[in-house]
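Close look at the chain arrangement
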Amino acid sequence: EDIRAYAAQHMAAYGLPGLTVSIVAPDGLTAFLRFGHGDADGHGPIRPDQLFQIGSISKSFTALCVFKLVDAGKLSLDADVRKLLPDLPLPDDAPVTVQSLLNHGSGLPDDAPIFPRGGDGRLWRGFATGSHWSYSNLGFALLSHLVERVSGQPFAAYLQSEILSPLGMTATKPAIRTGDRALYAASYAPFYGDRAFPRAGPLGPGPWTDMTDGSGCVASTAADMSRYARYLIAAGSGKGAPLLSDAAALRFCQPTIDAPGWAVKGAKYANGLAVVPVEDRPLLHHTGGMLSFNSAIHVDPIAGVGCFASTNVGLISYRPRELTAFACARLRAVIEARPPLKPTPVPHKAPDATDVLGRYVGAKGEVLLVTASARGLTVSLAGK
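Report follows, based on the coordinates.

Cut-off values and rules
- Residues numbered from 1 in each chain as written.
- Predicted model: local features only at pLDDT ≥ 70, side-chain atom pairs only at ≥ 80, totals over all residues.
- Heavy atoms only, no water.
- Helix = DSSP H or I, 4+ residues; strand = E, 2+ residues; numbered from the N terminus.
- Rg over C-alpha atoms; globule rule 2.2 N^0.38 Å.
- Buried < 20%, exposed > 50% of the residue type's maximum accessible area, 1.4 Å probe, protein only.
- Areas by Shrake-Rupley, 256 points an atom, 1.4 Å probe, with all protein chains shown as cover.
- Lys, Arg positive; Asp, Glu negative; His and termini not counted.
- Charge placed at Lys NZ, Arg CZ, Asp CG, Glu CD.
- Phe/Tyr/Trp six-rings, centres within 6.5 Å; stacked < 30°, edge-to-face > 60°.
- Expected span 1.5 Å × (residues − 1).

The next thing to look at is the overall build of the chain. Helix and strand counts for the chain stand at nine helices and 15 strands. What you see for the chain is a C-alpha radius of gyration of 22 Å, in line with the 21 Å of a compact globule of 384 residues. Seen through its principal axes, the chain has C-alpha atoms that stretch 75 × 60 × 40 Å. By residue count, 51% of the 384 residues in the chain fall in the buried class. For the chain, the accessible surface area stands at approximately 17,300 Å², while carbon and sulfur atoms represent 56% of it. Counting 35 positive and 32 negative side-chain charges, the chain places the centres of these two groups 3 Å from one another.

Set out below in structure tokens:
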């Protein structure tokens, strides 16, 4: 109930249209919380079977595909991707290892096209491989192509047969395609795209785009994501079945690089998963932002608890990371029979606009006018 109350605060503070939450704990406990609506007319509640795009949480699925191939002896984490994908215009000054793509240590840019136009037509890097950390969606797009090359299967097919099916994630889609759009919760984005979005501001129907790269191609339900959280709990405890050997599972969850650019201070990065401190313990974690969805997951393998949350609005400055972190901390407090810490406070409601409306005159007589309309606040200075 504490988690439910905190989620309701997030709904109100950020003006979320809908929110789905999956909670897992020891002894088979699984709980689902749903808030708001998931249909286009704003009346129907979110349904258990509706899909949510999980964004960059997909990177951990891509990493599992890579580790599956490594575990089978078909790939090495130290292999040079330039030799495995010789037709791609990767930098030719030094190796780009598989491991460096998995932990964002390759130096490759974030969202550059795989085949850039202009210059010498080659990709570039901002630092020597392994010397720094910088988030790269491009790196995980390359990893999905690498999985295709090594496995001989389309990436979505390999992800489905080797990862999703063994985990019982039968409702999850390994690729985001227009033909499945009716299966998704109706999604939203800022109504006005030409200005900064105020917290809890007006929303309109969200845009759609297909997504097949391993940087963010997975869509799932709350129930399937609870199954995934349970697998991450097991993997973080050194139990790799049914996907990996125990040794490979531990290596999959092991941080390999400091991630000072992550949103949480003290973060490290493993393989498609961040490792972040919650209270005094490192938890497996990731967020995902799409055009019309925002998601987060935290998993505490020691306590055996995890939480996934996703909201059907995108392009806003919000990820439910504080909610999923609090859920894990709250469950851990129950397990350890100790008083819980208070969650991170949600932002206060913005002040009423009438407090700032009016005519202001500067020292030199210049006039600044603040008015309100259905479109929001307008500020004019000297008639501009």
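Back to the text.
Here the focus is unusual backbone geometry. With an omega of 5 degrees, the peptide bond running from Ala241 to Pro242 counts as cis. Checked against the element boundaries, Pro242 lands in the loop between helix 7 (222-236) and helix 8 (246-253). You will see that His104, though not glycine, has its phi angle at about 60 degrees, which is positive. Residue His104 is classed as buried on the basis of its relative accessible area of 1%.

Glancing now at the packing of aromatic side chains. A complete count under the given rule lists 13 aromatic pairs for this structure. Ring centres 5.6 Å apart and planes at 70 degrees place the aromatic pair Phe52 and Phe293 in the edge-to-face group. Note that Phe52 is positioned in strand 3 (residues 52-53) and Phe293 in the loop between strand 10 (281-289) and strand 11 (294-300), a separation of 241 residues in sequence. As far as burial versus exposure is concerned, Phe52 and Phe293 are alike and both buried. Here Phe191 and Tyr192 contribute two aromatic rings whose centre-to-centre distance is 5.0 Å and whose plane-to-plane angle is 85 degrees, an arrangement assigned as edge-to-face.

Look at helix 7: 21 Å from first C-alpha to last across 15 residues, which is about the 21 Å you get at 1.5 Å a residue. For helix 7, the complete set of buried residues consists of Ala222, Asp224, Met225, Ser226, Tyr228, Ala229, Tyr231, Leu232, Ile233 and Ala235. One or two residues past the end of helix 7 sits Gly238, with phi positive at roughly 85 degrees.

A word on the environment of Gly304. Looking at the element boundaries, Gly304 is found in the loop between strand 11 and strand 12 (305-311). Take Gly304: its relative accessible area is 12%, and that puts it in the buried class. Between the C-alpha atoms of Gly304 and Pro198, which are 106 residues apart in sequence, the distance is 37 Å.

Without other data, these values stay purely geometric and don't point to any function.
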